Amino acid sequence: MKQTKKYTKACEIATLNHETQESLYKQLNGLGFFWDCKSQKWERDDRIADPPTDLVRVRVWAATDKVEQAAQCLIESAQAYGLKLQEESEPYQNRPPKQNESRIYLTFTGKEVSDYV
């Protein structure tokens, strides 16, 4: 495994069995730790978590000439599952060197997360 600072520090605070770096990070996140890239260390926050949002947010990223069509396909699919479109942004063109691509943000409400599974 790549001996990044993030991974090295994770191994210092956790002796958890893991096969990949990502599995170790996921275990640490489950224990309340998060990686603070500014301070270059794992922090722990024991505050009670905010309740999750009822919204489903999607970023559609595609070639500028296809992004609106892609967004429309996703809207139709989401509505077929009972979600209601709450907000659709205008296309935002990306900065160079990705200026030939754009993104649209969609916000839906409607179903409980357990209904998707």
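Further up the page is the structure itself.
Residues numbered from 1 in each chain as written. Predicted model: local features only at pLDDT ≥ 70, side-chain atom pairs only at ≥ 80, totals over all residues. Heavy atoms only, no water.

A. Main features of unusual backbone geometry. With omega at 10°, the peptide bond leading from Pro96 into Pro97 counts as cis. One can find Pro97 in the loop between β5 (92-93) and β6 (101-109). For Gln40, which is not a glycine, the phi torsion comes out positive at approximately 60°. When you line up the elements, Gln40 lands in the loop between β1 (33-36) and β2 (41-44). Classification of Gln40 as partly exposed rests on a relative accessible area of 30%. (Helix = DSSP H or I, 4+ residues; strand = E, 2+ residues; numbered from the N terminus. Buried < 20%, exposed > 50% of the residue type's maximum accessible area, 1.4 Å probe, protein only.)

B. Representation of helix α3 (residues 67-80) within the structure. Spanning 14 residues, α3 covers 20 Å between terminal C-alpha atoms, matching the ideal 20 Å at 1.5 Å per step. Val67, Ala71, Ile75 and Ala78 are the residues of α3 that are buried. Mapping the buried residues of α3 onto a view down its axis gives an arc of 75°, with all of them on the same face. Projecting away from the buried face of α3 at angles above 90 degrees are the exposed residues Gln69 and Ala80. In this structure, the buried side of α3 is in contact with β3 (56-63), β4 (84-88) and β6. Gly82 lies just past α3 and shows a positive phi near 95°. (Expected span 1.5 Å × (residues − 1). Arc of directions from axis to C-beta. Contact = heavy atoms within 4.5 Å.)

C. How the structure looks around the pattern of salt bridges. Under the defined criterion, the tally for this structure stands at three salt bridges. Here Asp45 makes a salt bridge to Arg47, at a shortest N to O gap of 2.5 Å. Overall, the relative accessible area of 27% leaves Asp45 in the partly exposed class. When its relative accessible area of 66% is taken as the criterion, Arg47 is described as exposed. (Salt bridge = Lys/Arg side-chain N within 4 Å of Asp/Glu carboxyl O.)

D. Inspection of the packing of helix α1 (residues 5-13) against helix α2 (residues 21-30) at higher detail. Interaxial distance between α1 and α2 falls to 11 Å at its minimum, and their mutual angle equals 55°. Comparing their axes, α2 and α1 come out oblique. You can see that α1 and α2 cross each other, and the crossing is left-handed. On α2, the residues that touch Lys6, Tyr7, Ala10, Cys11 and Ile13 of α1 are Gln21, Leu24, Tyr25 and Leu28. Classifying every residue of the contact of α1 with α2 by side-chain character gives seven nonpolar, one polar and one charged. (Axes fitted to C-alpha atoms, helices over the stretch in contact; angles between N-to-C directions. Parallel < 35°, antiparallel > 145°, perpendicular 65-115°, else oblique. Left-handed = near helix turned anticlockwise from the far one by under 90°. Nonpolar A, V, L, I, M, F, W, Y, C, P; charged D, E, K, R; others polar.)

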